[in-house]
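# Chain and residue survey
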Amino acid sequence: MRPHRPHCTGAAGGPARHAGPPSPLRQLNSASPVEAENTLRTCCGSTRWAHRVAEHRPYPDTAALLAAAEEAGYDMTRADLQEALAQESPQHPATEGPGALAAHTALRAAHAAYEARFGHTFVICLDDVRPAERLDRALVALHRRLGHDPEQEHAVVAEELRLLTLSRLTRLLGPQVPDPARVRHH
């Protein structure tokens, strides 16, 4: 037996119609658990994180989904973080100009040193940085973070991965999504 649903009507008194394809949020809410988790794992490689976020569907709006994703990010264990980091690949901000080749060479060398020191890929969220400044910002952060002890770096990488995850989820949901910084509740 199907649950009773109220009859929705449009402005002219007829049945309400949804124009166009379903929103990404509606698609995520209606996906099977496996499909939802697979979609969410494109934002964060932690199986437990994706399961936890998928398990709480349906979300009434994107802000609720982002808040749940952020909370799940804060609750990631070391094992969850390691699993997620294993799915990451080094990102190299695009740059042009006379020093671009040297800068990219320096970035690759710094990435290699970071991986040798900490055993995982360097991650950083550069959403709030102008594209022309991203390479320099990544290099500065890499060199600074190479000086961290493993405990310090664990805290930093967990926060950067959480921010990256929210950024990816925001892009996945499309242009109607509020800025993740506005839904943060520390």
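Residues numbered from 1 in each chain as written. Predicted model: local features only at pLDDT ≥ 70, side-chain atom pairs only at ≥ 80, totals over all residues. Heavy atoms only, no water.

### Some details on the overall build of the protein chain
The helix and strand inventory of the protein chain stands at 9 helices and 0 strands. Sequence-ordered secondary structure for the protein chain, helices as α and strands as β, is α-α-α-α-α-α-α-α-α. Across the 186 residues of the protein chain, 39% fall into the buried class. (Helix = DSSP H or I, 4+ residues; strand = E, 2+ residues; numbered from the N terminus. Buried < 20%, exposed > 50% of the residue type's maximum accessible area, 1.4 Å probe, protein only.)

### Some words on the packing of aromatic side chains
Across all of its chains, the model carries 2 aromatic pairs by this definition. Ring centres 4.8 Å apart and planes at 50° place the aromatic pair Tyr114 and Phe118 in the tilted group. Here Tyr114 pairs with Phe118, and both are found in helix H6 (residues 100-118), just 4 residues apart, close to one helical turn. Look at Phe118 and you get buried, because its relative accessible area is 14%. Classification of Tyr114 as buried rests on a relative accessible area of 0%. Three or more aromatic residues joined by ring pairs make a cluster, and in this case those are Tyr114, Phe118 and Phe122. (Phe/Tyr/Trp six-rings, centres within 6.5 Å; stacked < 30°, edge-to-face > 60°.)

### Re the environment of Arg117
Assignment of secondary structure puts Arg117 in helix H6. Look past the residues within four positions of Arg117 in its chain and what remains in contact with it is Leu146, Gly147, His148, Asp149 and Pro150. Within the structure, the side chain of Arg117 is placed 2.3 Å from the backbone oxygen of His148, a separation counted as a polar contact. (Contact = heavy atoms within 4.5 Å. Polar contact = N/O pair within 3.5 Å; in protein donor to acceptor, adjacent residues only side chain to side chain.)

### Description of the nonpolar core
Core analysis: the biggest nonpolar cluster contains 44 residues, and Leu40, Trp49, Val53, Leu65, Met76, Tyr114 and Leu169 have the highest contact counts within it. Of all elements in the fold, only helix H1 (24-30), helix H2 (33-41), helix H3 (47-55), helix H4 (62-74), helix H5 (78-86), H6, helix H7 (134-146) and helix H8 (150-173) reach the threshold of two or more residues within this core. Among the elements that line this core, the one with the most residues is H8, at 7 residues. Beyond its immediate stretch of four places on either side in the chain, Leu40 contacts Leu28, Trp49, Ala50, Val53, Ala54 and Leu169. (Core = buried A, V, L, I, M, F, W, Y, C linked by side-chain atoms within 4.5 Å.)

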